[in-house]
Every structure is written in C-alpha cells, then in structure tokens.
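Geometric and topological summary
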Amino acid sequence: MSSAQYLELAELAGGFIHELKNHINGLSLNLQLLGEDLDPPQTPRERRAAERVARLTDDCRRLVDLSNDFLRFARVDTPNVVRCDLAELVNRMADFLSPTARIQNVEVVCHAAPDLPAVHLDADLFEKALLNLMLNAQDAMPEGGVLTVQVRPDGHAVTVAVIDTGVGVPADLLPKLFRPFFTTKPGGHGLGLAIARRIVQAHGGEITCHSEPGCGTQFVVRVPTLEPDTQ
Ligand code: ADP
Ligand code: MG
C-alpha cells in the first residue's frame, strides 16, 4: 500500500471510529442517568437491572479506550520534538512503574550510560511507546522477574533496551508482533506494539525484538542523535 493510500484509509477509519465513539459516549451518558434512577435499588429486580447497567457502563468505557488507542494509532501523531535527556526520561518512567511492578514480584532496574548524546524527542509520545514495552514486559512475567531498561550510545544513535526475564515469544509469532490487533492475551487489544513502532518510526528510529522462549525478551528502540553541530 502506498503511503497516500494508507493516509486515505487511516483517515476513513479514523473518521468512522470517531463517529462510533460519539455514539458510545451518548450511550454511556444515558446509562449513567439510568444508573442514577436505580440508585438505591428498591427491589431485587431493580438491583439486577442496576448490576446490568454497571456492566454495560464498563463495556462502554472499554470501547472508548479502544477507540482512543486506535485513533492514536491511525493518526500517526506528528511528533512535537524538543531536545531531550533520555536517561532522565527513562529513570522517571522506571520510578513510576516500580511500585506496581513490585506487587507482581517484578523488579525494575534502570541503567543509563553517563554522558549520553542529546536526542530530539516528543517526550509524551516517546513515553507512551516505552510504557507499552514496559507493560508488555511486566505482563510476560506473571510469576515475577526482572525488567531491565538500558540506555546506551550506539554510533549516531541512542538505544533503549527493554529486557524481561519472562515467557518469551515463540519464533513463529515474532513476525506478527507489531501487527495491529495481534494479541495473545485474553482482553488484550494488540495495539501496544503497533503504536510503539509508529511512534519510534515517526522519530526516524526503529524498534527490534529478540526473544528466547522460556528465558525472556528484549525490545530495542534506536533513535538517531542530533548532528554534532546542533548539539
Ligand atoms: P497486547 O499487549 O494488547 O496483547 P501488544 O501489541 O502490546 O498488545 O503486544 C502484542 C503481543 O506481543 C502480546 O499479546 C504478546 O503475545 C506479545 N508480546 C509483546 N511483548 C512481549 C514480551 N515482552 N514478552 C512476550 N510476549 C510479548
Ligand atoms: Mg501491550
């Protein structure tokens, strides 16, 4: 597919999802009003109805979340880049994730090489990409393990490796990982890696995956550094 065709299709799909999302929001609002009418429930019948309303409200929320993820994916946000300290960004994310990871027996370790060259990044978007990788790493270690994030200079680039000691990816699934809607998780939507890759590519970078089933997986994000005269 040419990129013009892609953009046309993305726009069409984006418009469609946007329209659906408006209707889901309308549904959600009406369900909320119905829930208020049933609160507190006066009879067993009303209690059952209230439970149903709560379940439907939950479904609506999931659909809105999914739509937002899809819109983010389809839109290829143009990154708003500024000079950025990747070591600081990665350390901040590791701190943010550590407390919840610990509950699942996952230890988050962060190594950043000193004196990293500067990179141009849209910090919000880039965080989203890394967060998807880190959450996947956590999901891959249901029995606990170590999530290591390494930031290193590499030629005219900086690499961020997100490494887990989890279940790994079977070789035959590796080519499918970045496809939109590919998921092996019950309740997963399979957009995390597709979004992460689009974000990294929008920064002129690339993302690769190596995995050993039973041992763990490593995703490496590579972003070009600034030219020496713009440092
Ligand atoms: P989701 O997390 O919703 O399933 P993703 O796009 O984030 O969607 O990931 C797609 C699939 O790639 C996952 O369902 C899983 O099978 C596989 N995967 C991603 N990251 C890892 C990892 N660190 N270890 C093992 N499998 C992974
Ligand atoms: Mg995911």
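Since this is a predicted model, take the numbers as computed values, not measurements. Each chain carries its own residue numbering, running from 1 in the written order of its sequence. Here every chain gets a letter starting at A, and every ligand a number starting at 1, in the order they are written. This being a predicted model, a pLDDT of at least 70 is required before a residue's local features are given, and a value of 80 or more before pairs of side-chain atoms are given or counted; all residues contribute to the totals for chains, interfaces and linings. Each side-chain value is derived from all of the structure's non-hydrogen atoms; neither hydrogens nor water enter the calculation.

Brief notes about the site of ligand 1
- Near is defined per residue: the residue qualifies when any heavy atom it owns lies within 4 Å of the molecule or strand. Taken together, 19 residues surround ligand 1, and among them Asn136, Asp164, Thr183, Thr184 and Lys185 come closest.
- The term polar contact refers here to a pair of N or O atoms within 3.5 Å; inside protein, the definition further demands a hydrogen-donor-capable atom paired with an acceptor-capable atom, and it admits residues adjacent in sequence only when both atoms are side-chain atoms. Within the side chain of Lys185, a nitrogen or oxygen atom sits 2.7 Å from an oxygen atom of ligand 1.
- The protein chains hide 92% of the 530 Å² of surface that ligand 1 would expose on its own.
- Here a cavity is any set of points on a 1 Å grid over the protein atoms alone where a 1.4 Å probe fits but cannot get out, and a pocket is any open set with protein on both sides within 12 Å along at least 5 of 7 lines; a residue lines the site when it has an atom within 4 Å of a point. If over half the atoms of a molecule are within 2 Å of the grid points of a cavity or pocket, the molecule is regarded as sitting in it. Cavity membership is defined here by more than half of the atoms lying within 2 Å of grid points; on that basis ligand 1 lies in the largest pocket. A 1.4 Å probe and the Shrake-Rupley method give the accessible areas. Residues count as covered only by the protein chains that appear here.

Let's talk about a nonpolar patch on the surface
- A contiguous nonpolar patch, built from Leu63, Leu66 and Phe181 and spanning about 260 Å² of accessible area, is present on the exposed surface.
- Here Phe181 lies in the loop between β5 (157-164) and α5 (192-202).
- The cut-offs for exposure are 20% and 50% of the maximum accessible area for each residue type, with area from a 1.4 Å probe on protein chains only; residues under the lower value are buried, those over the upper are exposed, and the others partly exposed. You can call Phe181 partly exposed: its relative accessible area is 49%. A patch consists of residues whose relative accessible area exceeds 30% and which take part in no salt bridge; residues with like charges are grouped when within 9 Å of each other, and nonpolar side chains (Val, Leu, Ile, Met, Phe, Trp, Tyr) when within 5 Å. Counted as salt bridges are all cases of a side-chain nitrogen of Lys or Arg within 4 Å of a carboxyl oxygen of Asp or Glu. The helix and strand labels rest on DSSP assignments: H or I over at least four residues marks a helix, E over at least two residues marks a strand, and numbering proceeds from the N terminus.

With respect to the domain arrangement of the chain
- By domain assignment, the chain separates into domain 1 (3-74) and domain 2 (82-230).
- Taken over C-alpha atoms, the centre of domain 1 sits 30 Å from the centre of domain 2.
- In what follows, residue pairs with any heavy atoms lying within 4.5 Å of each other are defined as contacts. Contact residues are listed per partner, giving 7 residues for domain 1 and 9 residues for domain 2.
- When the two sides are added together, the surface that domain 1 and domain 2 hide from each other amounts to roughly 770 Å², 75% of it contributed by carbon and sulfur.
- Once two parts are brought into contact, the accessible area they lose, counted with a 1.4 Å probe and summed over both, makes up the buried area. Among the residues domain 1 hides against domain 2, the three largest losses belong to Asp69, Arg72 and Phe73. Together they make up 61% of the total.
- On inspection of domain 1 and its partner domain 2, the count reaches 0 salt bridges.
- Ranked by the residues each element gives to the side of domain 1 that touches domain 2, the list is headed by helix α2 (residues 44-75), at 6 residues.
- When its residues are assigned to classes, the side of domain 1 that touches domain 2 shows 4 nonpolar, no polar and 3 charged. Throughout the structure description, domain borders are defined by an automatic or database domain assignment. Each residue is assigned to one of three groups, with Ala, Val, Leu, Ile, Met, Phe, Trp, Tyr, Cys and Pro labelled nonpolar, Asp, Glu, Lys and Arg labelled charged, and all others, Gly among them, labelled polar.

Quick notes on the sheet that holds strand β7 (residues 216-224)
- Pairing between two strands is assigned when DSSP locates at least 2 bridges connecting them. Strands sit in the order β2-β4-β5-β7-β6 across an open sheet of 5 strands; the sheet is mixed. Taken across any chain shown, the strands that pair with only one partner, and hence form the sheet edges, are β2 (106-112) and β6 (206-212). Recorded for the sheet is a direction-independent mean angle of 15° between the axes of neighbouring strands.
- Each axis is a line fitted through C-alpha atoms, taken for helices only over the stretch in contact, and angles between the N-to-C directions span 0 to 180 degrees. Packed onto the sheet, helix α4 (residues 123-139) meets β2, β4 (145-154), β5, β6 and β7 and runs at close to 25° relative to β5.
- Each of β6 and β7 is contacted by α5, which is oriented at about 140° to β6, the strand it contacts most.

Some points on the side chain of Thr159
- With respect to the secondary-structure elements, Thr159 resides in strand β5.
- The buried category is assigned to Thr159, whose relative accessible area is 11%.
- When sequence neighbours within four positions are dropped, the list of residues in contact with Thr159 reads Gln150, Val151, Arg152, Asp154, Val220, Val221 and Arg222.

Section: the pattern of salt bridges
- Per the counting criterion, the structure on display carries 7 salt bridges.
- Here Glu51 ties to Arg47 by a salt bridge, and the two come within 3.7 Å at their closest N and O atoms. One end of the pair is Glu51 and the other is Arg47, both in helix α2 and 4 residues apart, which spans about a single turn.
- Arg92 is the partner of Glu88 in a salt bridge, and the nearest nitrogen-oxygen pair spans 3.3 Å. On the criterion of helical spacing, the pair formed by Glu88 and Arg92 is a turn pair, its members being 4 residues apart in helix α3 (residues 86-103).
- On the basis of relative accessibility, which here comes to 42%, the residue Glu88 falls in the partly exposed class.
- It is possible to trace a salt-bridge network through shared partners that takes in Glu88, Arg92 and Glu127.

What to know about the side chain of Asp164
- Among the secondary structure elements, Asp164 is positioned in strand β5.
- At 9.3 Å, Lys185 is the nearest oppositely charged side chain to Asp164, a buried residue that forms no salt bridge.
- Among the polar contacts listed, one links the side chain of Asp164 to the backbone nitrogen of Gly166, at a separation of 2.8 Å.
- Here Asp164 is in contact with Ala137, Ala140, Met141, Val146, Cys215, Gly216 and Thr217, once residues within four sequence places are set aside. Note that His is not counted, nor are the chain ends; the positive residues are Lys and Arg, and the negative ones are Asp and Glu.

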